[in-house]
Amino acid sequence: MKKMEEMDVARFLFITDTHIGADPIGWHQQPAYPGHAEELMPWLVSLIQDYAADFVLHGGDIVHHCTEENIRLAKQLFSSLPVPMYLSLGNHDLDREDALELWLRMAPEWFGGGQPQYDILWDACVIHVVPNHWEKDRPYYWGKKQEPSYTEEQLNRLRSSLEYKDEGKTHLLSIHHPIYGVPESQTGLGKIIHPVPADFTEVVERFMKEFPKLRCVLSGHNHINT
């Protein structure tokens with residue numbers, strides 16, 4: 001058996017919901033400090049170095065509103081990272097009609113192949129970044145609705161990627177909307193927080209069952225560790 005240091009491994013940091021530019025902070029379940037992002041960057045760099053991380057994956061809502069100013073601020077903040085960073089777009093990242101165009105023009109390095117849906121290919125894993133939509137008739141736009149969904153084109157691309165890429169590797173899926181709500185056993189509130197539409201949960205669960213090599217779903221949105 002190979003020693004751990006001899007095995008093919010991938011180490012990455014997953015962060016989400018930084019909401020850069022939020023003023024006021026807005027809805028949150030845990031203490032939020034978007035105004036302290038600059039102070040936290042050296043700590044993030046030290047984590048990358050301590051764990052020898054290969055890259056950082058941001059799970060979405062990197063900014064609070066999609067504006068050129070906020071995107072420039074986010075790029076300035078994360079430019080200090082010593083490793084590549086990738087972005088899985090969240091709802092706050094898409095709160096204007098031309099949001100996707102703006103992201104791909106201003107921060108193309110955070111997306112594989114210049115597309116919002118892409119694969120991160122690493123030595124020991126493949127991460128399928130597939131941002132969910134929020135309004136079923138308006139892809140890559142959030143106008144305050146909470147209707148998580150995928151288009152058939154997205155699902156076909158994901159299935160094709162799972163069928164033909166890197167059988168020997170661990171596969172992960174990165175989305176922004178969780179596939180389960182926050183259980184009452186965690187919050188003590190006597191109800192599920194952010195219950196998820198059954199059809200969205202079923203779509204993701206179906207892929208997990210069809211492709212056992214898909215071992216993990218990474219998400220954000222709820223502003224709480226889940």
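A few points on the structure. (Residues numbered from 1 in each chain as written. Predicted model: local features only at pLDDT ≥ 70, side-chain atom pairs only at ≥ 80, totals over all residues. Heavy atoms only, no water.)

**Examining the layout of surface pockets**
No. 1: Considered as a void within the structure, the largest pocket measures approximately 1000 Å³ in volume.
No. 2: Lining the largest pocket are 33 residues, with Ile-15, Thr-16, Asp-17, Thr-18 and Gln-30 sitting closest to its centre.
No. 3: Secondary structure elements with two or more residues in the lining of the largest pocket: strand S1 (12-15) and helix H1 (37-50).
No. 4: Sorting elements by how many residues they give to the lining of the largest pocket places H1 first, with six residues. (1 Å grid on protein atoms, 1.4 Å probe; cavity = no way out; pocket = protein on both sides within 12 Å on 5 of 7 lines; lining within 4 Å. Points joined across faces, edges and corners; volume = space filled by probe spheres on them. Helix = DSSP H or I, 4+ residues; strand = E, 2+ residues; numbered from the N terminus.)

**With respect to the environment of Arg-159**
No. 1: Summarising the element assignment, Arg-159 is placed in helix H4 (residues 152-164).
No. 2: What makes Arg-159 partly exposed here is its relative accessible area of 24%.
No. 3: Put simply, Arg-159 and Pro-197 are 38 residues apart on the chain and 22 Å apart in space, counted from C-alpha to C-alpha.
No. 4: Not counting residues up to four positions away in its chain, the partners in contact with Arg-159 are Phe-207, Glu-210 and Phe-211. (Buried < 20%, exposed > 50% of the residue type's maximum accessible area, 1.4 Å probe, protein only. Contact = heavy atoms within 4.5 Å.)

**Observations regarding the pairing of strand S6 (residues 170-174)**
No. 1: The element S6 is extensively covered by neighbouring structure, given that four of its five residues are classed as buried.
No. 2: Judged from the five bridges that link them, strand S5 (residues 125-129) and S6 form a sheet pairing that is parallel. Looking across to S6, one finds that Val-126 is bridged to His-171.
No. 3: Taken together, S5, H4 and S6 constitute a β-α-β crossover, and its handedness is right-handed.
No. 4: In this sheet, strand S7 (residues 214-218) lies alongside S6 in parallel orientation, the contact comprising four bridges. Of the residues in S7, the one forming a bridge with Leu-173 is Val-217. (Pairing = 2+ DSSP bridges. Right-handed = clockwise from strand over helix to strand, strands pointing away.)

**Let's talk about the nonpolar core**
No. 1: Grouped together as the largest cluster of nonpolar side chains are 45 residues, with contacts concentrated most on Ile-62, Phe-78, Leu-81, Trp-103 and Trp-110.
No. 2: Elements that contribute at least two residues to this core include exactly S1, H1, strand S2 (55-58), helix H2 (68-78), strand S3 (85-87), helix H3 (99-106), strand S4 (118-121) and S5.
No. 3: Per element, the largest residue contribution to this core is six residues, and it comes from H1.
No. 4: With near-sequence residues (within four places) excluded, Phe-78 lies in contact with Ile-15, Thr-18, Ile-20, Met-41, Leu-44, His-58, Ile-62, Met-85 and Trp-110.
No. 5: Listed in part, the 15 residues of the second largest apolar core include Val-130, Leu-158, Val-203 and Phe-211. (Core = buried A, V, L, I, M, F, W, Y, C linked by side-chain atoms within 4.5 Å.)

**Quick word on unusual backbone geometry**
No. 1: Residue Tyr-140 is not a glycine yet carries a positive backbone phi of 55°.
No. 2: When you line up the elements, Tyr-140 lands in the loop between S5 and H4.

**Considering the pattern of salt bridges**
No. 1: Scanning all chains against the criterion turns up eight salt bridges.
No. 2: For Arg-96, the salt bridge is made with Asp-98, and the minimal N-O distance between the two is 2.5 Å.
No. 3: What makes Asp-98 partly exposed here is its relative accessible area of 30%. (Salt bridge = Lys/Arg side-chain N within 4 Å of Asp/Glu carboxyl O.)

**With respect to the sheet that holds S1**
No. 1: The strand order S1-S2-S3 describes an open sheet built from three strands, whose pairing is parallel. Sheet topology places S1 and S3 at the edges, where each strand pairs with a single neighbour. Between one strand axis and the next, the sheet turns through 20° on average, direction left out of account.
No. 2: With four bridges joining them, S1 and S2 adopt parallel strand pairing. (Axes fitted to C-alpha atoms, helices over the stretch in contact; angles between N-to-C directions.)

**Re the environment of His-19**
No. 1: Summarising the element assignment, His-19 is placed in the loop between S1 and H1.
No. 2: Along the chain, His-19 and Leu-44 lie 25 residues apart, while their C-alpha atoms are 16 Å from each other.
No. 3: Excluding anything up to four places from it in sequence, His-19 contacts Pro-34, Asp-61, Ile-62, Val-63, His-64, His-92 and His-223.

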